Amino acid sequence: MSLARSPSTPAITLWIICCLCLIQFSVASKVRHFKWEVEYMFWSPDCVENVVIGINGQFPGPTIRARAGDTIHVELTSKLNTEGVVIHWHGIRQLGTPWADGTASISQCAINPGETFVYRFKVDRAGTYFYHGHYGMQRSAGLYGSLIVEVGEGEKEPFHYDGEFNLLLSDWWHNSVHDQELGLSSKPFRWIGEPQSLLINGRGQYNCSLAAAFSNSSTKQCELRGNEPCAPQILHLLPNKTYRLRIASTTALASLNLAISNHKMIVVEADGNYVQPFMVDDVDVYSGESYSVLISTDQDPSDNYWVSVGVRGRKPATPQALTILRYIPTSASKIPSLPPPVTPLWNDYNHSKSFSKKVLGLTGTVPKPPAHYERRIILLNTQNKIDGYTKWAINNVSLVLPTTPYLGSIKYGLKNGFDQKPSPENFPDDYDVMKPSVNPNSTTGNGVYTFELNTTVDVILQNANALAENVSEIHPWHLHGHDFWVLGYGEGRFRKEDEKRFNLKNPPYKNTGVIFPYGWTALRFVADNPGVWAFHCHIEPHLHMGMGVVFAEGVHRVGRIPTQALGCGVTAKKFIKPPHKS
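Because the structure is a prediction, the values reported are computed rather than measured.

1. Examining the pattern of salt bridges
Where charged atoms of side chains with opposite charge meet at close range, the side chains can pair.
Okay, so step 1: Scanning the model with the defined rule gives 26 salt bridges in all.
Okay, so step 2: Arg-314 is the salt-bridge partner of Glu-473, the closest N and O atoms lying 3.5 Å from each other. Placement of the pair is Glu-473 in the loop between strand 25 (455-462) and strand 26 (475-479) and Arg-314 in the loop between strand 18 (305-312) and strand 19 (321-327), with a sequence separation of 159 residues.
Okay, so step 3: With a shortest N-O distance of 2.9 Å, Glu-491 and Lys-353 are connected by a salt bridge. Here Lys-353 lies in helix 3 (residues 349-358) and Glu-491 lies in strand 27 (residues 484-491), a separation of 138 residues in the sequence.

What follows is the structure in structure tokens.
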């Protein structure tokens, strides 16, 4: 007779339940494999042939669709003959995989011509996301695409809809991205100018308009065939239904506004997080942001309706982008009887602020912010001069990325990989944010803000006057590896007493937040994701000119970093073995 104790019935039952749960999870979640080749190719995004960066011969790149809990596996081969490339998965937190964030010189080395790098990461939350190049200004060259994460198997959204459409918004220049980069780095400074076109899903029209019949100018009517790469993607809908529009902006420069003639929109998601539903006539979308809106097809089904996208926050020198909302069975070629919606005045910032302040977290679906912060940094955005070159700086330091990725340098204790001086956490008390700087001269740097793991951090983004008088611009700031709570907005210089106005009850939970001209925006996040993360203005030329910082937390907790991510700079000498000589 055995003296070993038999497991109790409750223990057996619990073990069986655990096994069943694991089996169910493994069946529900999938590994989704993609094999991509990135290369330059000729394309006509706005009916004018140009050079774009495409993926597998497509522009924009292929749309990835997955479910929450799935693993994305992208085997990416660079066919760019003269430059490196990386892909950032915008809005994906990369929990446990910081080397897959896709930031050159921060999370990985650039993928060299002819090389292959495998991005493998989990998409843990449903939402509307996208991906884009994060090396040089390759996003401006068209390296982007959509990433849609649906709710997990058996889960439901907190709202109902009968169908959905995806609208990826971007801007487009006829000058090459290399011309733009050179101008930004030249003395005298050469600004890139306003985009020639706005694109909806990579399609726009230059020098003609779909709505020329409603225009008082000499703009000609577009005559397009459906198979042309610049022909609009028409949205085909049934009457008396509810549709979800997923809207994301990967613009390099432009802040945008989207409206649909005769249709109200109910905003239900922002940056992958649910928000308290609210109704609007139009939606402001800044670079790096994403929204979901619901529309009801309750209008006259014998007509079609315009979807209009226009520029906000800058004097618009770019025509609206247009496509058509088609009510089935009305002909798709029928021009709507109403003119396109007019974009709000570009500098009507009260309109912009009113929209942003309506975005509130949906209780029960997003975490509440900690009541108190443990560390606060205040980041002043200024336009500066360095040796006669025009730059942007944060607390008077213009970011210049090192040759060795921070992640490898910090993980393996390589002290000469980047600037070891503490990064400035505030700016002088006598600095007047309402006027051009008395001394505009700045310096370059690549230091790091290091946080203890699980620290609650407040970041106050402080806007200021640029080099010219009476000029202060909108800046959308994007944080990698985290979402943050937007606690509040204010005018002028941030003061300690402004904390009383913080929203700690139901602030929106986002990854991209905007600072308005001459104002401040207060963000709070928990540094709970081991890795090194970029935090920067999402306007492409502004980042190129130095408007960004780098955060690090818990890097000692990061697992083994793939050798492929370390093959440059100091880490290349330390970890990449030279070929064996016979």
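So, next bit.
2. Quick word on the sheet that holds strand 26
Okay, so step 1: A sheet is described by the order of its strands in space; here five strands give the open sequence 24-32-31-26-29, paired in mixed fashion. Strand pairing shows two members of the sheet lacking a second neighbour, strand 24 (449-451) and strand 29 (512-515), which therefore form its edges. For this sheet the average axis-to-axis angle between neighbouring strands, irrespective of direction, equals 20°.
Okay, so step 2: Taken together, the four bridges between strand 26 and strand 29 define a ladder with antiparallel strand orientation. Each residue of the ladder has a partner; that of Trp-477, found in strand 29, is Gly-513.

3. With respect to helix 2 (residues 177-184)
Okay, so step 1: Buried within helix 2 are the following residues: Val-177, Gln-180, Glu-181, Gly-183 and Leu-184. Across the axial projection of helix 2, the buried residues extend over an arc of 165°, all falling on one side.
Okay, so step 2: Turning to helix 2, the residues buried within the fold contact strand 1 (31-43), strand 21 (389-394) and helix 5 (540-544).

4. Here we look at the sheet that holds strand 1
Okay, so step 1: Within the open sheet, the four strands sit side by side as 2-1-4-6. Their pairing is mixed. Two strands close off the open sheet at either side, each with one partner strand: strand 2 (50-55) and strand 6 (116-122). Geometrically, the sheet is characterised by an average inter-axis angle of 20° between neighbouring strands, direction not taken into account.

5. A word on the UniProt feature "domain: Plastocyanin-like" (unreviewed entry) in the chain
Okay, so step 1: Mapped onto this structure's residue numbering, the UniProt feature "domain: Plastocyanin-like" (unreviewed entry) falls at residues 38-150, 165-328 and 437-554.
Okay, so step 2: Counted over residues 38-150, helix gives 0% and strand 43%. Its end C-alpha atoms are 26 Å apart.
Okay, so step 3: The span residues 165-328 is 5% helix and 42% strand, and its two end C-alpha atoms sit 15 Å from each other.

6. Brief notes about the pairing of strand 27
Okay, so step 1: Of all eight residues making up strand 27, seven are buried, and the element is well covered by its neighbours.
Okay, so step 2: Note that strand 27 and strand 30 (residues 519-527) share six bridges and pair antiparallel. Looking at the pairing, Val-486 lines up with Leu-523 of strand 30.

7. What about the side chain of Thr-251?
Okay, so step 1: Note that Thr-251 resides in the loop between strand 12 (242-249) and strand 13 (255-260).
Okay, so step 2: When its relative accessible area of 0% is taken as the criterion, Thr-251 is described as buried.
Okay, so step 3: For Thr-251, the side chain forms a polar contact with the side chain of Ser-249, separated by 3.1 Å.
Okay, so step 4: Those residues in contact with Thr-251 that sit more than four places away from it in its chain are Arg-139, Leu-169, Ser-170, Asp-171, Leu-256, Ser-287 and His-538.

8. Quick notes on helix 3
Okay, so step 1: For helix 3, every residue scored as buried is listed here: Tyr-349, Ser-352, Lys-353, Phe-355 and Ser-356. Across the axial projection of helix 3, the buried residues extend over an arc of 160°, all falling on one side.

Cut-offs used in this document
For every chain, the first residue of the written sequence is number 1, and numbering continues from 1 along that sequence. With pLDDT at 70 or above as the cut-off, local features in this predicted model cover only qualifying residues; side-chain atom pairs require 80 or more to be listed or tallied, and sums for whole chains, interfaces and linings still use all residues. The basis for every side-chain value is the complete set of heavy atoms in the structure, and neither hydrogens nor water enter the calculation. In what follows, salt bridge is the name for a side-chain nitrogen of Lys or Arg lying within 4 Å of a carboxyl oxygen of Asp or Glu. Counting from the N terminus, the helices are the DSSP runs of H or I reaching at least four residues and the strands are the DSSP runs of E reaching at least two. Two strands qualify as a pair provided DSSP detects at least 2 bridges between them. To get an axis, fit a line to the C-alpha atoms, keeping to the stretch in contact for a helix; angles then go from 0 to 180 degrees between the N-to-C directions. Exposed residues in this analysis have more than 50% of their type's maximum accessible area, buried residues have under 20%, and partly exposed residues fall in between, with area computed by a 1.4 Å probe over protein chains only. Note that the arc is defined by the directions from the helix axis to the C-beta atoms. Contacts between residues were defined by any pair of non-hydrogen atoms, one from each residue, lying within 4.5 Å. UniProt positions are given in the numbering used here, feature names are shortened, and annotations may be inferred rather than shown by experiment. Pairs of N or O atoms within 3.5 Å make up the polar contacts considered here, provided that, within protein, one atom can donate a hydrogen while the other can accept it, and that residues adjacent in sequence are counted only when both atoms are side-chain atoms.

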